[in-house]
Amino acid sequence: MATGNSSDQQQYQPHPVWTALLTKLLANLILDQVRKGNTANNSLSNKAWNFITNEFYTRSGIKRDKEHLKNRFAALRREFSVVKLILARDNFVFDESTGCIIAADDSWDQYVKDCPDAEAVRRGGCPVYKQLFEIFAVVHLEEEPVLPQRSYEYAVKTPKSRPSRGVEASIASAIVEMAAASRLRTNALTQMRSRFTLAECIRELDGIHGVAESVYFAALENFNNPSARETFLSLRSDMRLAWLQWKCT
């Protein structure tokens, strides 16, 4: 016979699976706190983390304790560092519409060979890169320090009605930098998209063995979407059929 509160057991997940939607929710909550200036020593304040923890549960209906959320944020910090290094290369372009990083297969193969941590980004991209870019303009990339008790109490009790000028300047600088980078990447993306043609997609599709007729014709419909063409041609050859089956069903 089952014991305990089944509702609480369903809501609390000790080993959480971080979906794209939950990750985006967390990133948006953190960004909101950064914009409000709820930071201390270039890190999120304890008050901010308490708010994020409560709001995450309110919006998702899923309980995550503060340490789970901090651990996920630490993972996003590492992912951001990886993506930032990748995008420093001339032959890698970030597609803001999909969150994917676009590059030729040989460029990816060589980069992943040198930096194995980039394999996850190659497969899944970084859909919350824009949020992380703005967050880490204020929050330092290194691990958050453990504040002494006196400093901790001061940080919690001191009211902050608006971000400090330093925080505002950092955010403004980050936005300007993102805008300039976005223009450059848009130009590069326009050039790269000329490679992702419908004819090229069909040629590659015809070269895949074992494609069901229903998947084949559904794929042709999906290829009318430029983002779908880019994703298909940017995937490793051995992953394309699995992606088509998932996308078309």
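Quick caveat: nothing in here was measured; it's all calculated off a predicted structure. (Residues numbered from 1 in each chain as written. Predicted model: local features only at pLDDT ≥ 70, side-chain atom pairs only at ≥ 80, totals over all residues. Heavy atoms only, no water.)

**Q** Looking at this structure, how should I read the nonpolar core?
**A** Nonpolar side chains in soluble globular proteins tend to end up buried together. Judged by nonpolar contacts, the single largest core of 40 residues is most densely connected at Ile30, Ile86, Ile101 and Ile135. Listing elements by their share of this core, those giving two or more residues are helix H2 (20-35), helix H3 (46-60), helix H4 (66-87), helix H5 (105-114) and helix H7 (129-135). Aside from chain neighbours lying at most four places away, what touches Ile30 is Leu44, Trp49, Ile52, Phe73 and Ile135. In terms of nonpolar packing, the next biggest core, distinct from the first, is built from 15 residues, Phe223, Ala228, Phe232 and Leu235 among them. (Core = buried A, V, L, I, M, F, W, Y, C linked by side-chain atoms within 4.5 Å. Buried < 20%, exposed > 50% of the residue type's maximum accessible area, 1.4 Å probe, protein only. Helix = DSSP H or I, 4+ residues; strand = E, 2+ residues; numbered from the N terminus. Contact = heavy atoms within 4.5 Å.)

**Q** Whenever I open this one, the layout of surface pockets confuses me. Can you help?
**A** Where empty space is left can be seen by rolling a probe of water-molecule size over the atoms. When its volume is computed, the largest pocket comes out at roughly 550 Å³. Every residue lining the largest pocket is counted, 23 residues in all, and those nearest its centre are Cys100, Arg123, Thr231, Leu235 and Trp243. Going through the elements one at a time, strand S4 (100-102), helix H6 (119-124), helix H12 (226-234) and helix H13 (240-248) are the ones with two or more residues in the lining of the largest pocket. Per-element accounting of the lining of the largest pocket gives the leading share, five residues, to H6. (1 Å grid on protein atoms, 1.4 Å probe; cavity = no way out; pocket = protein on both sides within 12 Å on 5 of 7 lines; lining within 4 Å. Points joined across faces, edges and corners; volume = space filled by probe spheres on them.)

**Q** Whenever I open this one, H2 confuses me. Can you help?
**A** In an α-helix, one full turn covers 3.6 residues, which means residues spaced three or four apart are oriented alike. With 16 residues, H2 ought to run about 22 Å at 1.5 Å a step, and its terminal C-alpha atoms sit 22 Å apart, in line with that. Buried residues of H2: Leu22, Thr23, Leu25, Leu26, Ala27, Leu29, Ile30, Leu31, Gln33 and Val34, and no others. One or two positions beyond H2, positive phi appears at Gly37, with a value near 80 degrees. (Expected span 1.5 Å × (residues − 1).)

**Q** Help me out: how do you make sense of the packing of H12 against H13 in this one?
**A** Helix packing for two helices is described by the angle between their axes and how far apart those axes are. Across the interface, H12 lies against H13 with an axial gap of 9 Å and an inter-helix angle of 150 degrees. Classified by the angle their axes make, H12 and H13 are roughly antiparallel. Relative to H13, H12 is oriented so that their crossing is right-handed. When H12 is examined against H13, the residues Ala228, Thr231, Phe232 and Leu233 are found in contact with a partner set consisting of Arg240, Trp243 and Leu244. Taken together, the residues of the contact of H12 with H13 break down into five nonpolar, one polar and one charged. (Axes fitted to C-alpha atoms, helices over the stretch in contact; angles between N-to-C directions. Parallel < 35°, antiparallel > 145°, perpendicular 65-115°, else oblique. Left-handed = near helix turned anticlockwise from the far one by under 90°. Nonpolar A, V, L, I, M, F, W, Y, C, P; charged D, E, K, R; others polar.)

**Q** Whenever I open this one, unusual backbone geometry confuses me. Can you help?
**A** Among all residues save glycine, negative phi is the norm, and among peptide bonds the norm is trans. Backbone geometry at Asn41 places phi at a positive 55 degrees, although glycine is not the residue there. With respect to the helices and strands, Asn41 occurs in the loop between strand S1 (39-40) and strand S2 (43-44). Not every positive phi belongs to a glycine, and Asn42 is a case in point at roughly 60 degrees. If you trace the backbone, Asn42 turns up in the loop between S1 and S2.

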